[in-house]
Amino acid sequence: MKVLSIVGARPNFIKVAPIHAVFQKHRDMESRIVHTGQHYDDQMSGIFFDQLNLPRPDYFLGINNGSHTEQTAGIMLQFEKVIHTEKPDMVLVVGDVNSTLACALVAAKEQVPVVHVEAGLRSGDRRMPEEINRIMTDSISDQLFVTEQAAVDNLRKENIPAEKIHFTGNVLIDSLVRYRAKASELKISEQLNLRTRSYVLMTMHRPANVDNEKSLRQVIEIIKCVAGDVPVVFPLHPRTLKNIAAFGLKNEVERIRGLQIMRPLGYLEFLNLMDNAALVITDSGGVQEETTFLNVPCITLRESTERPVTVEVGTNNLLNTLDKEVVRPAMESILGGSPKIGKIPYLWDGQAAERIVAILREKYI
Ligand code: UD1
Ligand code: UDP
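None of these values were measured; they are calculated from a predicted model. (Residues numbered from 1 in each chain as written. Chains lettered and ligands numbered in written order. Predicted model: local features only at pLDDT ≥ 70, side-chain atom pairs only at ≥ 80, totals over all residues. Heavy atoms only, no water.)

(A) Highlighting the overall build of the chain. Per the secondary structure count, the chain includes 17 helices and 13 strands. Its C-alpha atoms give the chain a radius of gyration of 20 Å, within 12% of the compact-globule value 21 Å for 365 residues. Expressed along its principal axes, the backbone C-alpha trace of the chain runs to roughly 55 × 40 × 40 Å. Taking the intrachain contacts of the chain between residues at least 6 apart in sequence as the baseline, contacts between residues at least 24 apart amount to 70%. Carbon and sulfur atoms provide 49% of the accessible area of the chain, an area that totals close to 15200 Å². (Helix = DSSP H or I, 4+ residues; strand = E, 2+ residues; numbered from the N terminus. Rg over C-alpha atoms; globule rule 2.2 N^0.38 Å. Contact = heavy atoms within 4.5 Å. Areas by Shrake-Rupley, 256 points an atom, 1.4 Å probe, with all protein chains shown as cover.)

Right, dumping it as structure tokens:
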């Protein structure tokens, strides 16, 4: 059975790696990696192949930048050729990025079964490009693997037949479980002069937070407020870096005392910093889940989350505002010793990829 697994953006590499590793265990399965090129800097792409033992992609489509339509359509045109050459038995997509939807759509039209891993998540906010990608991908997928009960409920509400939905756990957490010990051996905190549990780690890249000057300025005010009390480490996503420069905010950010900004970190370096942080402030999807697993407090600066289990069961605090006067007390309460106590969500145990592949084998071999 030949499977083409699609990767394009940073979180995709981390989710596909454990699934590819399980495919490799079966001699009757052939796993090929198709990289759309959506992310291309070494720190957003190449480093993950090295650190997560992913083989170099069999196909690199080289589609990056441009509008959503240009990106999605460009990937579709190239991926159609790959399908014609490879004639796969199945196409596996993960997450909710443009590469996910583009390749799922091509496969469905070519009548190749589509497998969606991390299906069913919904923020309820269609202004997010990811929400459109999620809804569309799920509606054309043949097998849908989900990470939490809310996702099952969402899919059932959208009339996806129950037999297509499989609650198998979280492949992002599979990678974390596999690489946590290795990450802990790094000396990154010493290199950055940080003491365990006495710094805040930050990531920010959602268009709603960084694409307009007003919200980006509000984010910077929050950083100033946090960095006044505790050291802040902030690896900058390329979208955020570009916008800081475009809005003329570079000098202001560089002058904030207590803040260390840097280029995006490798997976192991970032995992190490998450695991030892006092608090993580983010708008990332994956980071909300990873902090919940690690039992590290997390503040999410977004209006909604498609991952409600991280709030209901885990350590995530969803603050529906960029007002520093609201973020400050939330942060102080966590750093002052009253963090929310979380639990690890059901089936987030490092074995999701094993379950997924077992179900695919049962259905298709
Ligand atoms: C994309 C996903 C988002 C995901 C994020 C993970 C969509 C719609 N968005 O957002 O869901 O959370 O990836 O990080 O698919 N750039 C570089 N170098 C790179 C990659 C990007 O400079 O290696 C710059 C490019 O100028 C690009 C911009 O960042 O135009 C945004 O990249 P893009 O992939 O379009 O969106 P992300 O914000 O990364
Ligand atoms: N991550 C990383 N280096 C960084 C920031 C994040 O390796 O500098 C990892 C993080 O551990 C998580 C993933 O990237 O596994 C999340 O990706 P991102 O926030 O870009 O996308 P999202 O999850 O929001 O779609």
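(B) Inspection of the sheet that holds strand β6 (residues 143–146) at higher detail. Reading across the sheet, the seven strands line up as β3-β2-β1-β4-β5-β6-β7 and stay open at both edges, with parallel pairing between neighbours. Strand pairing shows two members of the sheet lacking a second neighbour, β3 (59–60) and β7 (165–167), which therefore form its edges. Looking at chain direction, strand β1 (residues 2–7) and strand β2 (residues 30–35) are connected through six bridges and run parallel. Each residue of the ladder has a partner; that of V3, found in β2, is S31. Sheet strands touched by helix α6 (residues 149–157): β6 and β7. Its angle to β7, the strand with the most contacts, is close to 170 degrees. Lying over the sheet, helix α17 (residues 352–364) contacts β4 (90–94), β5 (114–117), β6 and β7, oriented at roughly 160 degrees with respect to β6. (Pairing = 2+ DSSP bridges. Axes fitted to C-alpha atoms, helices over the stretch in contact; angles between N-to-C directions.)

(C) Quick look at the site of ligand 2. Around ligand 2 there are 18 residues in total, and L265, S284, G285, G286 and E290 lie nearest to it. Out of a free accessible area of 530 Å², ligand 2 has 97% covered by protein chains. Grouping the amino acids of the shell around ligand 2 by side-chain chemistry returns ten nonpolar, five polar and three charged. (Near = heavy atom within 4 Å. Nonpolar A, V, L, I, M, F, W, Y, C, P; charged D, E, K, R; others polar.)

(D) Expanded view of the site of ligand 1. Residues in contact with ligand 1 amount to 20 residues; listed here are only the nearest, H39, E130, R206, R239 and K242. Q38 places a side-chain nitrogen or oxygen 2.9 Å from an oxygen atom of ligand 1. Within the side chain of R206, one N or O atom sits 2.8 Å away from an oxygen atom of ligand 1. Relative to its free-state accessible area of 740 Å², ligand 1 is covered by the protein chains to the extent of 90%. Elements supplying a minimum of two residues to the shell around ligand 1: α3 (68–86), α5 (129–139) and α11 (238–246). Residues that form the shell around ligand 1 fall into these classes: seven nonpolar, eight polar and five charged. (Polar contact = N/O pair within 3.5 Å; in protein donor to acceptor, adjacent residues only side chain to side chain.)

(E) Seen up close, the packing of aromatic side chains. What the rule picks out here adds up to four aromatic pairs. Seen from their ring centres, F167 and Y346 are 5.5 Å apart, and the 90 degrees between their planes marks the pair as edge-to-face. Of the two residues, F167 sits in strand β7 while Y346 sits in the loop between α16 (324–335) and α17, which places them 179 residues apart along the sequence. Both rings, one in Y179 and one in Y267, keep their centres 6.4 Å apart while their planes meet at 90 degrees; by these two values the pair is edge-to-face. Placement of the pair is Y179 in helix α7 (residues 171–184) and Y267 in helix α13 (residues 267–276), with a sequence separation of 88 residues. Here Y179 and Y267 have matching classes, each one buried. Members of the aromatic cluster, each reached through a chain of ring pairs, are F13, F48 and F49. (Phe/Tyr/Trp six-rings, centres within 6.5 Å; stacked < 30°, edge-to-face > 60°. Buried < 20%, exposed > 50% of the residue type's maximum accessible area, 1.4 Å probe, protein only.)

(F) Region of the structure containing the sheet that holds strand β8 (residues 200–202). Strand order across the open sheet formed by six strands is β10-β9-β8-β11-β12-β13, with parallel pairing between neighbours. The two strands at the open ends of the sheet, each matched to only one other strand, are β10 (259–262) and β13 (316–319). Neighbour-to-neighbour, the strand axes of this sheet turn through a mean angle of 20 degrees, independent of strand direction. Here four bridges tie strand β9 (residues 232–235) to β10, and the two strands are oriented parallel to one another. Residue F234 lies in a different strand from β10, and its bridge partner there is I261.

(G) Representation of the pattern of salt bridges within the structure. A complete count under the given rule lists 29 salt bridges for this structure. Salt-bridge contacts for E252 lead to K224; the nearest nitrogen and oxygen are separated by 2.8 Å. Taken together, the positions of E252 in helix α12 (residues 250–254) and K224 in helix α10 (residues 213–227) put the pair 28 residues apart, joining distant regions of the chain. Take E252: its relative accessible area is 22%, and that puts it in the partly exposed class. Given the relative accessible area of 32%, K224 is considered partly exposed. By sharing partners, the salt bridges in this structure join K15, D96, E118, E131, R134, E289, R302, E306 and R307 into a single network. (Salt bridge = Lys/Arg side-chain N within 4 Å of Asp/Glu carboxyl O.)

(H) A look at the environment of N320. By the secondary structure assignment, N320 is in the loop between β13 and α16. Through-space distance from the C-alpha of N320 to that of Q51 is 34 Å; in sequence the pair is 269 residues apart. With near-sequence residues (within four places) excluded, N320 lies in contact with R302 and E303.

(I) Quick peek at the side chain of T300. Along the polypeptide, T300 turns up in strand β12 (residues 298–301). In this structure the side chain of T300 is engaged in a polar contact, spanning 2.6 Å, whose partner is the side chain of N316. When residues no more than four places from it in sequence are discounted, the contact partners of T300 are T282, D283, Q288, N316, N317, L318 and L319.

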